[in-house]
Number of protein chains: 2
Amino acid sequence: MRLSRRDLMKNAGMLAAATGFGGLALSVGASAIAQTADKQAVPLELPWPYKKIDPLVVAEEAYAGYYKGACSYGVFEGIVGQLKKEVGAPYTTFPSTMLVVGQGGVADTASLCGCLNGAASAIFLVTGAMESKKRELPYSLIQEVFNWYEQTELPDYRPKNPKYDIVKSVSRSTLCHISVTKWCKAAGFKAFSKERSERCAWLTASTAKYTAELLNSHADGAFKMAHPLTAATKTCRGCHDKGSKLENTRAMMDCGGCHFTPKAKTAHPKF
Amino acid sequence: MRLSRRDLMKNAGMLAAATGFGGLALSVGASAIAQTADKQAVPLELPWPYKKIDPLVVAEEAYAGYYKGACSYGVFEGIVGQLKKEVGAPYTTFPSTMLVVGQGGVADTASLCGCLNGAASAIFLVTGAMESKKRELPYSLIQEVFNWYEQTELPDYRPKNPKYDIVKSVSRSTLCHISVTKWCKAAGFKAFSKERSERCAWLTASTAKYTAELLNSHADGAFKMAHPLTAATKTCRGCHDKGSKLENTRAMMDCGGCHFTPKAKTAHPKF
């Protein structure tokens, strides 16, 4: 189904801005070439209109997307690709290839997991806005995905036609290299093995599926945070985060995933 | 200056795909409403055409952008905003508001610094591609920005009309919360102070300026990596990264910025 222009503008919160819009609407005739979107009047403000999508279809598309454009692209296009089909424009005008850059924790640097970076962008595209107040809800959705990722045994979605079977691990971190290392230890495979790559493809599918579920829940007005920060992390924040005595940092991450893990410091061989 | 359609397609490497394109070109007459891009045939494949931009203008725009849409948006729109002026379409069709999500290390979680996430997206938009081989150059540019950020006393750009003067610090990390904590310690201000916010605005300007310099250098065919990984990090990677004996992680980050920093583990008070 493609929304009408009126539906689209209404959903995007743009109805008030529509005066004089009619002159733009009707001149698109020729079909676009393959790698170029149809001519559109692209709404530059967010949110773009959302229509509920099938999380299982999203998961399979994300899995395939991983092998095309890596983790971040896989999650983003798993979701946005369905919105291209269900909503059409303006999603059909978006250069999703830009999301490839989240690969391997952004350009293979292994910082923020690309699955999460892709999920965050997709969530913000369909629920975000420039105004500070209107960022709070999308940030809550994103924080839910991030906390779920840190706290859950993943991957929790098995693709229909996997290359290998994949064991689960808990990352306790949103960072690519930590997530990879925890899984390597649990699975007994190396960081650049085909099995680890397949694990990240499953993780891409799992994250896209969970994100789609949250967006659907939000569309139903039923979103609640299911994975708050841990009690231990809240204790840390009580001394170090906003409004605390020290207030010398900021984070909504599992502090204990990196801090207070002294093993490497004492057990590491001299070099 | 706006490039002609032919220039644009040529720059974007799309000339071979242009057959039948003429039918699309000429029907845009009415002007767009304020928050909607002109009707365009948006090229969905990357790279988008680049034209050299003034790093000092980029820096000032990024500084202003920080106070509008935070760090990631500031860097991205500092660069892409100039390309909207210098190149025009397809940049004028891009919903840059999506980049707001990088705020405070993505949705305020304080993982990857938003300046770097915004820089990475901008770099990939103008130099990236889906094909794996064509990701190598943009990833080198991005890794240069990330390493520069870890190793350099920042912020190194002073806006023309700053709110405060800002001391410099070295982050040794690409992560938001670590970068913030290091600066708070150096400056003596709290993590949610107005001064810390101003520091991040300067950092946004600094990162956008450096990224624009790199993109200009690349456009001249003169890009060389000036900030390789440190010798210590290379030593770590010799045992832990791709092709090594253990090969149990992956990263292009300053390992020593987090690992082998035992002070907090011994000095932290009991709680």
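In this convention, every chain numbers its residues from 1, walking through the sequence in written order. Chain A is the first chain written and ligand 1 is the first ligand written, with later ones labelled in order. Owing to the predicted nature of the model, reporting of local features is limited to residues with pLDDT of at least 70; listing and counting of side-chain atom pairs is limited to 80 or more, with chain, interface and lining totals taken over all residues. To get the side-chain values, all heavy atoms of the structure are used, and hydrogens and water are removed first.

**A word on the overall build of chain A**
Each helix is a run of DSSP H or I of at least 4 residues and each strand a run of E of at least 2, with the numbering of both proceeding from the N terminus. Counting its regular elements, chain A contains 8 helices and 0 strands. Expressed as a percentage of its 271 residues, the buried residues of chain A come to 58%. Once local pairs closer than 6 in sequence are excluded, the contacts in chain A between residues at least 24 apart make up 66%. For the accessible areas, the method is Shrake-Rupley and the probe is 1.4 Å, while residue cover comes only from the protein chains on display. Accessible surface for chain A amounts to roughly 11200 Å². Of this, 55% is attributable to carbon and sulfur atoms. Accessibility here uses a 1.4 Å probe with only protein chains present; expressed as a share of the type maximum, an area under 20% marks a residue as buried, one over 50% as exposed, and anything in between as partly exposed. Here a residue-residue contact requires only that any non-hydrogen atoms of the pair lie within 4.5 Å.

**Here's the deal with the environment of His177 of chain B**
Inspection of the secondary structure assignment puts His177 of chain B in helix α5 (residues 176-187). Beyond its immediate sequence surroundings of up to four residues, His177 of chain B is in contact with Thr249, Arg250, Ala251, Met253 and His259 of chain A together with Ala110 and Ser111 of chain B.

**Quick notes on the packing of aromatic side chains**
All names here are of chain B. Aromatic contacts are taken between Phe, Tyr and Trp rings whose centres are within 6.5 Å, Trp giving its six-membered ring; a plane angle under 30 degrees counts as stacked, one over 60 as edge-to-face, and the others as tilted. This model, assessed by the stated rule, comprises 17 aromatic pairs over all chains. Measuring from ring centre to ring centre gives 5.4 Å for Trp48 and Tyr91, while their planes differ by 80°; the resulting arrangement is edge-to-face. Here Tyr91 lies in the loop between α2 (55-86) and α3 (114-127) and Trp48 lies in the loop between α1 (5-11) and α2, a separation of 43 residues in the sequence. For Trp48, a relative accessible area of 1% puts it in the buried group. Taken together, a centroid distance of 6.0 Å and an interplanar angle of 35° make the contact between Phe124 and Tyr139 tilted. Residue Phe124 is found in helix α3, and its partner Tyr139 is found in helix α4 (residues 136-151); the two are separated by 15 residues along the sequence. Here Phe124 falls in the buried class, since its relative accessible area comes to 0%. A relative accessible area of 5% places Tyr139 in the buried class.

**Looking at the confidence of the model for chain A**
The predicted coordinates of low-pLDDT regions are not to be read in fine detail. Residue and element names in this part refer to chain A. Known as pLDDT, the predictor's confidence for each residue is given on a scale from 0 to 100. Looking at chain A, pLDDT values average 87 and 82% of them are 70 or higher. Confidence drops under pLDDT 50 across residues 1-34; counting only partners more than four residues distant or on other chains, this segment forms 53 contacts. Predicted complex metrics record ipTM = 0.86 and pTM = 0.86.

**Details of the side chain of Glu144 of chain B**
Residues and elements named next belong to chain B. The residue Glu144 is located in helix α4 in this model. Only four residue types enter the tally: Lys and Arg on the positive side, Asp and Glu on the negative side, with His and both chain ends excluded. Salt bridge, as used here, is a side-chain nitrogen of Lys or Arg placed within 4 Å of a carboxyl oxygen of Asp or Glu. For the buried Glu144, no salt bridge is present, and the opposite-charge side chain at shortest range is Lys234, 11 Å distant. Those residues in contact with Glu144 that sit more than four places away from it in its chain are Tyr210, Leu214, Phe223, Met225, Ala226 and His227.

**Quick word on unusual backbone geometry**
One can expect most non-glycine residues to show negative phi and most peptide bonds to be in trans. The omega torsion across Leu46 of chain A and Pro47 of chain A is 5°, close enough to zero to call that bond cis. Within the element layout of this structure, Pro47 of chain A appears in the loop between α1 (5-11) and α2 (55-86). Following Leu154 of chain A, the chain continues to Pro155 of chain A via a peptide bond in cis, the omega torsion being 0°. When you line up the elements, Pro155 of chain A lands in the loop between α4 (136-151) and α5 (176-187). Its identity is not glycine, yet Ala70 of chain A carries a phi of approximately 75°, on the positive side. Secondary-structure assignment places Ala70 of chain A in helix α2. Its identity is not glycine, yet Arg172 of chain B carries a phi of approximately 55°, on the positive side. If you trace the backbone, Arg172 of chain B turns up in the loop between α4 and α5.

**A word on α2 of chain B**
For an α-helix, 3.6 residues make a turn, and residues three or four places apart therefore share a direction. Residues and elements named next belong to chain B. Helix span, as expected, comes to 1.5 Å for every residue beyond the first. An ideal rise of 1.5 Å per residue puts 46 Å on 32 residues; α2 reaches only 13 Å between its terminal C-alpha atoms. To get the bend at a residue, fit one axis to the 7 residues ending there and another to the 7 starting there, then take the angle between the axes. The largest bend along α2 measures about 140° and falls at Gly69. Judged by how many residues are buried, α2 sits mostly within the fold: 23 of 32 residues are covered. Looking one or two residues past α2, Gly88 carries a phi angle of roughly 85°, positive in sign.

**Details of the side chain of Ser173 of chain A**
Residues and elements named next belong to chain A. One can find Ser173 in the loop between α4 and α5. For Ser173, a relative accessible area of 2% corresponds to the buried category. Two N or O atoms count as a polar contact when they lie within 3.5 Å, although within protein this holds only if one can serve as hydrogen donor and the other as acceptor, and sequence-adjacent residues are included solely when both atoms are side-chain atoms. Within the structure, Ser173 has its side chain in polar contact with the backbone nitrogen of Leu175 (distance 3.0 Å). For Ser173, the residues in contact, after removing those within four places along its chain, are Tyr149, Glu150 and Ile178.

**Considering the environment of Glu45 of chain B**
Residues and elements named next belong to chain B. Looking at the element boundaries, Glu45 is found in the loop between α1 and α2. Exposure remark for Glu45: the relative accessible area of 25% places this residue in the partly exposed category. Counting along the chain gives 151 residues from Glu45 to Arg196, while the straight-line C-alpha distance between them is 38 Å.

**Side note on the pattern of salt bridges**
Two side chains that carry opposite charge are able to pair once their charged atoms sit near each other. This model, assessed by the stated rule, comprises 20 salt bridges over all chains. The residue Arg237 of chain A makes a salt bridge to Asp241 of chain A at a minimum N-O spacing of 3.3 Å. Overall, the relative accessible area of 23% leaves Arg237 of chain A in the partly exposed class. Overall, Asp241 of chain A belongs to the buried group, its relative accessible area being 6%. The salt bridge involving Arg172 of chain B is made with Asp254 of chain B; its shortest N-O contact spans 2.9 Å. A residue pair is termed long-range when its members are at least 10 positions apart, and Arg172 of chain B in the loop between α4 and α5 and Asp254 of chain B in the loop between α7 (231-240) and α8 (263-267) qualify at 82 residues. Among the residues examined, Arg172 of chain B registers a relative accessible area of 37% and is labelled partly exposed. Since its relative accessible area comes to 10%, Asp254 of chain B is described here as buried.

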